[in-house]
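Below, each chain spelled out in residue letters.
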There are 2 protein chains.
Amino acid sequence: MTGPAVEILDVTLRDGLQLLAAPVPLDRKLALLDAAEAAGVRRLEVGSFVSPRLMPGFADTADVLAAATARPALRPSVLVPNRRGFDLALAAGAPEVVWVVSASEGHNGANLRRTVEASLAELMPVLADARADGVHLRLAIATAFHCAFDGPTPHEAVFRILDRAAESGALREAVLADTIGHAVPDEARALFGAAAARYPGLVFGFHAHDTLGRGLANIEAAYEAGCRVFDGALAGLGGCPYAPGAAGNVSTEAVAALFEARGIATGLDAAALAGAGRIAATFGAPARVPPLPAS
Amino acid sequence: MTGPAVEILDVTLRDGLQLLAAPVPLDRKLALLDAAEAAGVRRLEVGSFVSPRLMPGFADTADVLAAATARPALRPSVLVPNRRGFDLALAAGAPEVVWVVSASEGHNGANLRRTVEASLAELMPVLADARADGVHLRLAIATAFHCAFDGPTPHEAVFRILDRAAESGALREAVLADTIGHAVPDEARALFGAAAARYPGLVFGFHAHDTLGRGLANIEAAYEAGCRVFDGALAGLGGCPYAPGAAGNVSTEAVAALFEARGIATGLDAAALAGAGRIAATFGAPARVPPLPAS
């Protein structure tokens, strides 16, 4: 059995670090970058331009980005939560930025401390500037399936964001995130199917968490619905500190193994990826595992 | 979204214990039995009638079975690897036995120390005796998808066993096991679909391991292909000591949560199940995690 190739985007150095008790030293991040590149990883998020007061582990993002952009094979990106982060990313020479906005008010408020509308209003000129500057903007829609505060997310909340961003004419790629890992395959199939039909020119990615063990089941369903870009974190690290109940990302190794076992090309080398995963596994334990919301 | 109800069969007290470094005391097993029953579990494997020299953790299987059969709500079973185990199970009053045979010669040889043909020859009179004695025999086909020794398992190897057992007229239920957890959803869909078409009167179960994170993805595919009985172990314990690379069963909690989130009835209570899982989590760590075979 086989099918169209996929692109696996590694987020170990961004999402993978968010719940760790202690910052990862720069030389360890660069060792991971080496190992990921050797394993065939090409796209990867290498940090966040967020307040170092809130997330001290990302204070060296510009340094990691500089190391990544110096490697011609890599296509690194950085997460930006707002205009200020976007400007810092541009100043640091980021070829690609990930702009994050939540589909749910509850998570956008907790994570970005503003309304969805305010995030959208800020995004519109950023989209235009990104295009003018030749920077690829990847629009990340958090809580696209479920929110720990607001419950299930209606498709309309996701499409409201995509409609606005698509109006700019500058949107090329969007990633739909199951931030707390509560989606089921039916939901992944339905949302990616509807989104692909509604936005035929857009590349869609899936950012899946494995909180309840369903990460790969959801990825399988998203692939069948046409999604071709999949985020993962080595050793399954990760989680959002502002999303109670969120746990690790799907592991990059497991995503790659799933597709390789199906005969679907990923460009990744399993043995080398396992080596990179062993580095990630030394990054330390989460500061805390956020509790699951009552259900 | 909804669909036909499923039956979740808990194997914590059998498969869940096989890799543990030390035997679980009887009173802890009975505490788990209490908690599982309170969570709504009805079918469960409570031990193995195997040589206590090879697996000392199952020396008290008759005691656990007696406690389980004394609870009218429960439908307990015990695993038996051969005629001797079957006779012990009957003597101990087991209402249900799980007869295990592997689809691959490599695993049957390592696990049962005989050829598949020898296991089948021993099974035939056992099937007749089970029917005569009013004992439900659940036929478990190990390595139905992949074998650590022999590689991928052809459908024919599974059907060879089912054909022989079905000839007896006494076979009512078969469980197909992804013993090492290397299956992908396409393989689960294909095998359960083909088996349901070939044996229309037979109830099929799926025993999935989560070694590579694909357990729930495979279960989802098996459900779509008509499978309605799913094995799980609390806290994801488990693995076969004679299957290099095998790791934990899919967790009973995660299987239940997947179906409940899809609106499919399981009869289980999530909060009570989580409590049972916390007991299982105190059973200790695996003696060793068997290495993955080279691939």
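Residues numbered from 1 in each chain as written. Chains lettered and ligands numbered in written order. Predicted model: local features only at pLDDT ≥ 70, side-chain atom pairs only at ≥ 80, totals over all residues. Heavy atoms only, no water.

- For chain A, the name recorded in an unreviewed UniProt entry is Hydroxymethylglutaryl-CoA lyase, with Salinarimonas soli as its organism.

Considerations on the side chain of Ser104(B)
Residue and element names in this part refer to chain B.
In step 1: You can see Ser104 is positioned in the loop between strand E4 (96-102) and helix H4 (105-112).
In step 2: Taking the relative accessible area as the measure of exposure, Ser104 reaches 5% and is therefore buried.
In step 3: Here His107 takes part through its backbone nitrogen, which lies 3.5 Å from a polar atom of the side chain of Ser104. (Helix = DSSP H or I, 4+ residues; strand = E, 2+ residues; numbered from the N terminus. Buried < 20%, exposed > 50% of the residue type's maximum accessible area, 1.4 Å probe, protein only. Polar contact = N/O pair within 3.5 Å; in protein donor to acceptor, adjacent residues only side chain to side chain.)

Looking at the packing of aromatic side chains
Residues and elements named next belong to chain A.
In step 1: Using the criterion set out here, one finds 14 aromatic pairs over all chains in the structure.
In step 2: Judged by centre distance (6.2 Å) and plane angle (35°), the rings of Phe145 and Phe192 are tilted. Highlighted residues: Phe145 in the loop between strand E5 (136-142) and strand E6 (146-147) and Phe192 in helix H7 (residues 185-198), separated in sequence by 47 residues.
In step 3: Overall, the relative accessible area of 5% leaves Phe145 in the buried class.
In step 4: Clustering of aromatic rings is evident, with ring pairs tying together Phe145, Phe192 and Phe206.
In step 5: Note that Arg113 overlies the ring of Tyr242, its terminal NZ or CZ placed 5.1 Å from the centroid. (Phe/Tyr/Trp six-rings, centres within 6.5 Å; stacked < 30°, edge-to-face > 60°. Lys NZ or Arg CZ within 6 Å of the ring centre and 35° of its normal.)

Thoughts on the relation of the copies chain B and chain A
One copy of the chain maps onto the other through a rotation about an axis plus a displacement along that axis.
In step 1: For these two chains of identical sequence, chain B goes onto chain A by a turn of 180° and a shift of 0.0 Å along the axis, with RMSD 0.0 Å. Seen this way, the second copy is the image of the first under a two-fold rotation axis. Residue Ala217(B), judged by its C-alpha, is the member of chain B lying nearest the rotation axis, at 1.8 Å.
In step 2: Comparing contact sets, 100% of the residues at the interface of chain B also lie at the interface in chain A, consistent with an isologous, same-surface contact. (Least-squares fit on C-alpha atoms with pLDDT ≥ 70 in both. Contact = heavy atoms within 4.5 Å.)

A short note on the interface of chain B and chain A
One frequently used descriptor of interface size is the decrease in accessible area upon assembly of the parts.
In step 1: In this complex, chain B contributes 16 residues to the contact, which on the side of chain A involves 17 residues.
In step 2: Approximately 1,500 Å² of surface area, both sides summed, lies buried where chain B meets chain A, with 63% of it carried by carbon and sulfur atoms.
In step 3: Linking chain B to chain A there are two salt bridges.
In step 4: Note that Arg262(B) is salt-bridged to Asp186(A), the shortest N-O span being 2.9 Å.
In step 5: Where chain B packs against chain A, one counts four residue pairs in polar contact (both at pLDDT 80 or more).
In step 6: Looking at the side of chain B that touches chain A, the elements with two or more residues in it are helix H7 (185-198), helix H8 (215-224) and helix H9 (252-261) of chain B. (Buried area = accessible area lost by both parts, 1.4 Å probe. Salt bridge = Lys/Arg side-chain N within 4 Å of Asp/Glu carboxyl O.)

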